[in-house]
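# Structural features, examined
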Amino acid sequence: CTDGNIVINEPIGNMVVTLTDDTVINIPVPVKPLPLETYAQQYEFDVGQTKSVVFPSGVLEISNFFADGCADLISVTFPNTLKKIGDSAFSGTALSNIDLPDTIETIGSMAFANLQSASATLTCRATTPPLLGYNAIETYPPVITAIYVPSASVTDYQQATNWSQYASIISAIV
(Lines give C-alpha, C1' and ligand atoms only; values in the text may rest on other atoms or scores of the structure.)
Protein backbone atom coordinates (compact mmCIF):
# COMPACT_ATOMS: atom_id res chain seq x y z
CA CYS A 1 0.00 0.00 0.00
CA THR A 2 2.71 2.43 -0.97
CA ASP A 3 0.65 4.58 -3.31
CA GLY A 4 -2.52 4.72 -1.20
CA ASN A 5 -4.21 1.96 -3.18
CA ILE A 6 -5.02 -1.48 -1.89
CA VAL A 7 -5.19 -4.33 -4.36
CA ILE A 8 -6.56 -7.68 -3.24
CA ASN A 9 -6.26 -10.21 -6.00
CA GLU A 10 -7.53 -13.27 -4.19
CA PRO A 11 -9.39 -13.69 -0.90
CA ILE A 12 -7.59 -15.76 1.70
CA GLY A 13 -9.78 -16.57 4.69
CA ASN A 14 -11.09 -13.60 6.64
CA MET A 15 -9.04 -10.54 5.86
CA VAL A 16 -8.86 -7.48 8.08
CA VAL A 17 -7.32 -4.35 6.62
CA THR A 18 -6.73 -1.35 8.86
CA LEU A 19 -6.05 1.96 7.20
CA THR A 20 -4.94 5.21 8.80
CA ASP A 21 -5.31 7.62 5.89
CA ASP A 22 -8.02 8.70 3.47
CA THR A 23 -7.50 5.75 1.14
CA VAL A 24 -10.32 4.75 -1.18
CA ILE A 25 -10.89 1.00 -0.96
CA ASN A 26 -11.76 -0.67 -4.25
CA ILE A 27 -12.99 -4.14 -3.43
CA PRO A 28 -12.29 -6.69 -6.18
CA VAL A 29 -14.52 -9.46 -7.38
CA PRO A 30 -12.91 -12.64 -6.06
CA VAL A 31 -10.76 -14.62 -8.47
CA LYS A 32 -12.12 -17.93 -7.18
CA PRO A 33 -15.89 -18.47 -7.30
CA LEU A 34 -17.33 -18.24 -3.79
CA PRO A 35 -20.83 -19.02 -2.53
CA LEU A 36 -23.11 -15.99 -2.29
CA GLU A 37 -23.26 -16.14 1.50
CA THR A 38 -19.49 -16.13 1.95
CA TYR A 39 -18.24 -13.56 -0.57
CA ALA A 40 -18.58 -10.41 1.46
CA GLN A 41 -17.50 -12.19 4.64
CA GLN A 42 -14.10 -12.66 3.04
CA TYR A 43 -13.52 -8.95 3.48
CA GLU A 44 -14.07 -7.32 6.85
CA PHE A 45 -12.55 -3.89 6.99
CA ASP A 46 -11.76 -1.66 9.89
CA VAL A 47 -11.76 1.21 7.45
CA GLY A 48 -10.33 3.61 10.00
CA GLN A 49 -10.37 7.07 8.44
CA THR A 50 -11.29 5.79 4.98
CA LYS A 51 -13.89 8.05 3.41
CA SER A 52 -15.01 6.03 0.38
CA VAL A 53 -15.59 2.39 -0.59
CA VAL A 54 -16.30 1.25 -4.16
CA PHE A 55 -17.78 -2.20 -4.78
CA PRO A 56 -17.28 -3.58 -8.31
CA SER A 57 -19.91 -5.20 -10.47
CA GLY A 58 -20.34 -8.84 -9.51
CA VAL A 59 -20.74 -8.29 -5.77
CA LEU A 60 -24.06 -9.81 -4.72
CA GLU A 61 -24.02 -9.39 -0.95
CA ILE A 62 -22.36 -7.21 1.67
CA SER A 63 -21.87 -9.01 4.97
CA ASN A 64 -23.22 -8.12 8.40
CA PHE A 65 -21.20 -5.44 10.23
CA PHE A 66 -19.07 -4.73 7.12
CA ALA A 67 -18.27 -1.11 8.06
CA ASP A 68 -20.23 -0.86 11.31
CA GLY A 69 -19.11 2.16 13.33
CA CYS A 70 -16.76 3.60 10.69
CA ALA A 71 -17.75 7.21 11.36
CA ASP A 72 -15.44 8.69 8.70
CA LEU A 73 -17.03 6.70 5.87
CA ILE A 74 -18.99 9.23 3.79
CA SER A 75 -19.35 7.52 0.41
CA VAL A 76 -20.15 4.01 -0.81
CA THR A 77 -20.67 3.05 -4.44
CA PHE A 78 -22.87 -0.02 -4.75
CA PRO A 79 -22.70 -2.23 -7.86
CA ASN A 80 -25.64 -2.88 -10.16
CA THR A 81 -25.45 -6.56 -9.15
CA LEU A 82 -26.06 -6.09 -5.40
CA LYS A 83 -28.93 -8.14 -3.95
CA LYS A 84 -28.41 -7.97 -0.18
CA ILE A 85 -26.94 -5.66 2.45
CA GLY A 86 -26.37 -7.42 5.77
CA ASP A 87 -27.39 -6.39 9.26
CA SER A 88 -25.58 -3.29 10.59
CA ALA A 89 -23.36 -3.25 7.48
CA PHE A 90 -23.12 0.57 7.44
CA SER A 91 -24.51 1.45 10.86
CA GLY A 92 -22.74 4.37 12.50
CA THR A 93 -21.13 5.61 9.27
CA ALA A 94 -21.42 9.18 7.95
CA LEU A 95 -23.13 8.35 4.66
CA SER A 96 -25.31 11.19 3.41
CA ASN A 97 -26.36 10.02 -0.06
CA ILE A 98 -27.26 6.33 -0.18
CA ASP A 99 -28.05 5.15 -3.72
CA LEU A 100 -29.15 1.51 -4.00
CA PRO A 101 -29.35 -0.26 -7.37
CA ASP A 102 -32.50 -1.71 -8.89
CA THR A 103 -31.21 -5.23 -8.10
CA ILE A 104 -31.44 -4.82 -4.30
CA GLU A 105 -33.78 -7.34 -2.67
CA THR A 106 -32.91 -7.20 1.05
CA ILE A 107 -31.68 -4.48 3.39
CA GLY A 108 -30.75 -6.03 6.73
CA SER A 109 -31.75 -4.89 10.20
CA MET A 110 -29.97 -1.69 11.22
CA ALA A 111 -28.03 -1.68 7.90
CA PHE A 112 -27.99 2.13 7.83
CA ALA A 113 -28.97 2.87 11.43
CA ASN A 114 -27.42 5.58 13.56
CA LEU A 115 -25.86 7.50 10.69
CA GLN A 116 -23.44 10.17 11.88
CA SER A 117 -24.15 12.66 9.08
CA ALA A 118 -26.25 15.79 9.72
CA SER A 119 -28.80 14.69 7.12
CA ALA A 120 -29.07 11.96 4.51
CA THR A 121 -31.15 10.81 1.58
CA LEU A 122 -31.85 7.26 0.44
CA THR A 123 -32.53 6.45 -3.20
CA CYS A 124 -33.76 2.92 -3.84
CA ARG A 125 -34.04 2.15 -7.55
CA ALA A 126 -35.78 -1.25 -7.15
CA THR A 127 -39.31 -1.27 -8.55
CA THR A 128 -40.37 -3.83 -5.94
CA PRO A 129 -39.70 -2.62 -2.40
CA PRO A 130 -36.82 -4.67 -0.96
CA LEU A 131 -37.32 -6.47 2.32
CA LEU A 132 -36.40 -3.85 4.89
CA GLY A 133 -35.09 -5.21 8.17
CA TYR A 134 -36.01 -3.93 11.61
CA ASN A 135 -34.71 -0.37 12.17
CA ALA A 136 -32.71 -0.61 8.94
CA ILE A 137 -32.61 3.16 8.47
CA GLU A 138 -33.49 4.32 11.98
CA THR A 139 -31.54 7.15 13.59
CA TYR A 140 -32.15 9.37 16.62
CA PRO A 141 -32.65 12.15 15.89
CA PRO A 142 -33.91 11.31 12.40
CA VAL A 143 -31.18 11.86 9.81
CA ILE A 144 -32.75 10.44 6.65
CA THR A 145 -34.90 13.29 5.41
CA ALA A 146 -36.02 11.86 2.07
CA ILE A 147 -36.44 8.47 0.42
CA TYR A 148 -36.59 8.42 -3.38
CA VAL A 149 -38.03 5.46 -5.31
CA PRO A 150 -39.25 4.80 -8.88
CA SER A 151 -42.37 6.88 -9.56
CA ALA A 152 -44.54 3.84 -10.37
CA SER A 153 -43.58 2.30 -7.00
CA VAL A 154 -44.18 5.15 -4.53
CA THR A 155 -47.46 3.71 -3.21
CA ASP A 156 -45.97 0.20 -2.98
CA TYR A 157 -43.12 1.49 -0.83
CA GLN A 158 -45.44 3.60 1.32
CA GLN A 159 -47.49 0.48 2.10
CA ALA A 160 -44.71 -2.11 2.36
CA THR A 161 -43.69 -3.67 5.67
CA ASN A 162 -41.18 -1.50 7.53
CA TRP A 163 -41.20 1.05 4.69
CA SER A 164 -44.65 2.31 5.67
CA GLN A 165 -43.33 4.10 8.77
CA TYR A 166 -41.44 6.41 6.36
CA ALA A 167 -44.44 7.00 4.04
CA SER A 168 -44.37 10.77 4.59
CA ILE A 169 -40.81 11.11 3.24
CA ILE A 170 -41.09 8.65 0.33
CA SER A 171 -41.39 10.29 -3.08
CA ALA A 172 -40.53 9.68 -6.72
CA ILE A 173 -37.00 9.84 -8.07
CA VAL A 174 -36.76 13.08 -10.00
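Provided above is the structure to which this section pertains.
Residues numbered from 1 in each chain as written. Predicted model: local features only at pLDDT ≥ 70, side-chain atom pairs only at ≥ 80, totals over all residues. Heavy atoms only, no water.

## Observations regarding the pattern of salt bridges
When their charged atoms lie close together, side chains carrying opposite charge are able to pair. Under the convention used in this document: Just to be clear on terms, a salt bridge is a Lys or Arg side-chain nitrogen sitting within 4 Å of an Asp or Glu carboxyl oxygen. Starting at the N terminus, helices and strands are each numbered in turn, a helix being any DSSP run of H or I of at least four residues and a strand any DSSP run of E of at least two. Burial here depends on accessible area, computed with a 1.4 Å probe over protein chains only, as a share of the maximum for the residue type. Under 20% is buried, over 50% is exposed, and the range in between is partly exposed.
All told, the structure shown has two salt bridges when counted by the stated rule. Notably, a salt bridge pairs E105 with K83, separated by 3.6 Å at the nearest N-O pair. You can see E105 sitting in the loop between β8 (97–100) and β9 (106–107) and its partner K83 sitting in the loop between β6 (75–77) and β7 (84–85), a full 22 residues away along the chain. For D99, the salt bridge is made with R125, and the minimal N-O distance between the two is 2.8 Å. With D99 in strand β8 and R125 in the loop between β10 (120–124) and β11 (131–132), this pair connects stretches of sequence that are 26 residues apart. Judged by relative accessible area, D99 falls into the partly exposed class, the value being 30%. The partly exposed category is assigned to R125, whose relative accessible area is 36%.

## Examining the sheet that holds β9
Cut-off, in case you're wondering: Note: two strands are recorded as paired if DSSP finds a minimum of 2 bridges between them.
With parallel pairing, the four strands of this open sheet are ordered in space as β5-β7-β9-β11. One side of each edge strand has no neighbouring strand; the edge strands of this open sheet are β5 (61–62) and β11. Across two bridges, the pairing between β9 and β11 is parallel. Within the sheet, the bridge partner assigned to I107 lies in β11 and is L132.

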